[in-house]
Amino acid sequence: QVQLVESGGGLVQAGGSLRLSCAASGSIFSINGMNWYRQAPGKQRELVAGISRGGNTYYAGSVKGRFTISRDNAKNTVYLQMNSLKPEDTAVYYCNAAVVVTPTYRLSDYWGQGTQVTVSS
């Protein structure tokens, strides 16, 4: 059993910043890719940013240059630093991780419960 717990969401004015955190705990052997997705009302969930265990990153075009994803492998935690926020960034942000679990050493996908980010104009 693996749990992902997000924190750091909230209400911010346009142009402001927020930092999201997602900590994984439980029967973890190792964590491969870690990602942040978001889902705005009435829209499909979309991939915002991803980071491999080795630190290779991916960003959606809409956030490139404004958001930075990072991770602390020792803490099984992934972060999303969001700067220059826009009203269109308003969404529920979800953490996702590909985890090798013990004792089976199977690779499984896990999701957090989501954290609300609201950007006012």
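Quick summary incoming for the structure in this document. No experiment lies behind these values; they were computed from the predicted model shown. (Residues numbered from 1 in each chain as written. Predicted model: local features only at pLDDT ≥ 70, side-chain atom pairs only at ≥ 80, totals over all residues. Heavy atoms only, no water.)

Before going further, it helps to examine the state of the cysteines. With the rule as written, the count across this model stands at one disulfide. The disulfide bridge from cysteine 22 ends at cysteine 95, spanning 2.1 Å between sulfur atoms. As the torsion about the S-S bond is roughly -80 degrees, the cysteine 22-cysteine 95 disulfide counts as left-handed. Of this pair, cysteine 22 sits in strand 3 (residues 18-26) while cysteine 95 is found in strand 9 (residues 91-101), placing the two residues 73 residues apart along the sequence. (Disulfide = S-S within 2.5 Å. Helix = DSSP H or I, 4+ residues; strand = E, 2+ residues; numbered from the N terminus.)

Along the polypeptide, alanine 74 turns up in the loop between strand 7 (67-72) and strand 8 (77-82). In this structure alanine 74 comes out as exposed when scored by relative accessible area, which is 76%. Sequence separation of alanine 74 and valine 48 is 26 residues, and the distance between their C-alpha atoms is 23 Å. (Buried < 20%, exposed > 50% of the residue type's maximum accessible area, 1.4 Å probe, protein only.)

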